[in-house]
Amino acid sequence: MNFNRIKNKRMVIGSLMVIALLGVATGTSVAVAQHSHATHVAKQTHKTHKVTKKFAKKESSSSSSSSESSISSEVQSSVVASSATVQPKTQASAAAAPATQQTVASGTQLVTPNVYVYGAPGLCLGYVDSAFGVAGRGGSLSYSARSAVDKASAIGAMHNDANFPAGKMVPVFWNLTGNDDGVNYGHIAIWDGNGGFYWEGNHTSTPNHLSYAEVQAVLNGQMELNGAHITDTFHGASLIGWSDNLEGVQILSK
């Protein structure tokens, strides 16, 4: 038996076993190293995903907050725009308000009479009330011209003078007392605003139109009117004045 050969074989086998063991060890180390590296990479990747997810969440929150802020800004802008739109209308309304509250100038003709209404001798107040439309304007009819004077005096509407307003038509009153009963019934006519007077007609819708001098002549019995002298029935004629209100109806503005 060749011991040297056997020895050599054993040495070769030993060397191969050592190599094999070293290979296994090396493979194991490599595998461990690779496993460790893979684990590290996985951990890093997980961390990266977490960070990315967290960042994405933060970005989403920030974006949502930004969006809400944007919406809030848009709402505020809309409110401001609406206010800006409404404001001029409010100011325009305020500016227009005085126009609806305009006051009528003092002495303005509020009621212009229709002098062409039916009239009968002795019914002077009925004629003038109809001409100014007293009943239709809510006024209260009086028994006599003198009673109408008392109403006007009670509300401060009487002007006890002959300063009849130029260009305005107003009722003018006189005292006139009945010959039979001594009652002051008074008399009334319409000042035409230009020096003349409308006096009731003779059962017609055509009134008598007299100058101031003619009125004085009629009241003093110097001139007939409607076929008779007024002094046949009345006496004591004297001017009382004129009124801006007739039977509760305002004829001229205050």
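Please refer to the structure higher up on the page.
Note that the coordinates shown come from a computational prediction; the quantities given were computed from them, not determined experimentally.

**Q** What am I meant to see in the overall build of the protein chain here?
**A** When you go through the protein chain residue by residue, the secondary structure sums to four helices and eight strands. Counted from the first residue to the last, the protein chain has its helices and strands arranged as α-α-α-β-β-β-β-β-α-β-β-β. Expressed as a percentage of the 254 residues in the protein chain, the buried residues total 28%. Nonlocal contacts in the protein chain, meaning residues at least 24 apart in sequence, comprise 63% of its contacts between residues at least 6 apart. Approximately 16000 Å² of the protein chain is accessible, and the part contributed by carbon and sulfur atoms is 58%.

**Q** What is the right way to look at the packing of aromatic side chains in this model?
**A** In this description, an aromatic ring pair is defined by two values, namely the gap between the centres and the angle between the planes. One pass over the structure, following the stated rule, counts eight aromatic pairs. Relative to Trp 191, the ring of Phe 164 lies with its centre 5.0 Å away and its plane at 45°, an arrangement referred to as tilted. Residue Phe 164 is found in the loop between strand E1 (158-159) and strand E2 (170-178), and its partner Trp 191 is found in strand E3 (residues 187-191); the two are separated by 27 residues along the sequence. Across this residue pair, the class does not change: Phe 164 and Trp 191 are buried. Taken together, the ring pairs in this structure connect Phe 164, Trp 174, Trp 191, Phe 197 and Tyr 212 into an aromatic cluster.

**Q** Quick question: what am I supposed to make of the side chain of Glu 200 here?
**A** Topologically, Glu 200 is positioned in the loop between strand E4 (196-199) and strand E5 (208-211). Buried charged residue Glu 200 carries no salt bridge. Nearest counter-charge: Arg 146, at 17 Å. A distance of 3.4 Å separates a polar atom in the side chain of Glu 200 from the backbone nitrogen of Gly 122. Residue contacts for Glu 200: discarding those within four places in its chain leaves Gly 119, Ala 120, Pro 121, Gly 122, Leu 123, Cys 124, Tyr 127, His 187, Pro 207, Asn 208 and Asn 226.

**Q** Is there a simple way to think about the sheet that holds E2 in this case?
**A** Strand pairing in a sheet relies on backbone hydrogen bonds, with the paired strands running either antiparallel or parallel. A sheet is described by the order of its strands in space; here six strands give the open sequence E1-E6-E2-E3-E4-E5, paired in antiparallel fashion. Of all the strands in the sheet, just E1 and E5 have a single pairing partner and so form its edges. Across two bridges, E3 lies against E4 in antiparallel orientation. Across the sheet, the residue bridging to Ile 190 is Tyr 198, located in E4. Where helix H3 (residues 145-154) meets the sheet, it contacts E1, E2, E3 and strand E6 (234-243), and its direction lies at approximately 130° from that of E2. Helix H4 (residues 212-219) contacts E2, E4, E5 and E6 of the sheet and is inclined by roughly 105° relative to E5.

**Q** Please clarify how the nonpolar core should be interpreted in this entry.
**A** Nonpolar side chains in soluble globular proteins generally cluster together in the buried interior. Counting 42 residues, the largest nonpolar core has Phe 132, Phe 173, Ile 188, Ile 190, Phe 197, Trp 199 and Leu 246 as its most contacted members. Counting residues per element, the ones that place at least two in this core are helix H2 (124-132), H3, E2, E3, E4, H4 and E6. The element that contributes the greatest number of residues to this core is H2, accounting for six residues. Apart from the residues within four sequence positions on either side, Trp 199 is in contact with Tyr 127, His 187, Pro 207, Asn 208, Leu 210, Val 215, Val 218, Leu 219, Leu 225 and Ile 230.

**Q** Mind showing me how you'd approach H2 here?
**A** Three or four residues apart is the spacing at which side chains of an α-helix point the same way, because the helix has 3.6 residues per turn. Burial within H2 is extensive, with seven of its nine residues counted as buried. Every buried residue of H2 is accounted for by Cys 124, Leu 125, Tyr 127, Val 128, Asp 129, Ala 131 and Phe 132. Buried residues in H2 make contact with H3, E2, E3, E4 and strand E7 (245-246). Gly 133, located one to two residues past H2, shows a positive phi value of around 65°.

**Q** I tried to follow the pairing of E6 on my own but got confused; where do I start?
**A** Looking along a regular strand, one sees the side chains alternate between the two faces of the sheet. As defined by bridge partners, E1 adjoins E6 across two bridges and the pair is classed as antiparallel. When the bridges of E6 are listed, Met 158 appears paired with Ser 243. Note: E2 against E6, six bridges, orientation antiparallel. Following the sheet pairing, Thr 177 is matched in E6 by His 235.

**Q** Would you explain the pattern of salt bridges in this entry?
**A** In a structure, side chains of opposite charge can pair up when their charged atoms sit close to one another. All chains considered together, the criterion is met by three salt bridges. Asp 244 is paired through a salt bridge with Lys 254; the nearest N and O atoms lie 3.0 Å apart. Residue Asp 244 is found in the loop between E6 and E7, and its partner Lys 254 is found in the segment after strand E8 (249-250); the two are separated by 10 residues along the sequence. For Asp 244, a relative accessible area of 5% puts it in the buried group.

Each value, and the rule that gives it
Residues numbered from 1 in each chain as written. Predicted model: local features only at pLDDT ≥ 70, side-chain atom pairs only at ≥ 80, totals over all residues. Heavy atoms only, no water. Helix = DSSP H or I, 4+ residues; strand = E, 2+ residues; numbered from the N terminus. Buried < 20%, exposed > 50% of the residue type's maximum accessible area, 1.4 Å probe, protein only. Contact = heavy atoms within 4.5 Å. Areas by Shrake-Rupley, 256 points an atom, 1.4 Å probe, with all protein chains shown as cover. Phe/Tyr/Trp six-rings, centres within 6.5 Å; stacked < 30°, edge-to-face > 60°. Lys, Arg positive; Asp, Glu negative; His and termini not counted. Salt bridge = Lys/Arg side-chain N within 4 Å of Asp/Glu carboxyl O. Polar contact = N/O pair within 3.5 Å; in protein donor to acceptor, adjacent residues only side chain to side chain. Pairing = 2+ DSSP bridges. Axes fitted to C-alpha atoms, helices over the stretch in contact; angles between N-to-C directions. Core = buried A, V, L, I, M, F, W, Y, C linked by side-chain atoms within 4.5 Å.

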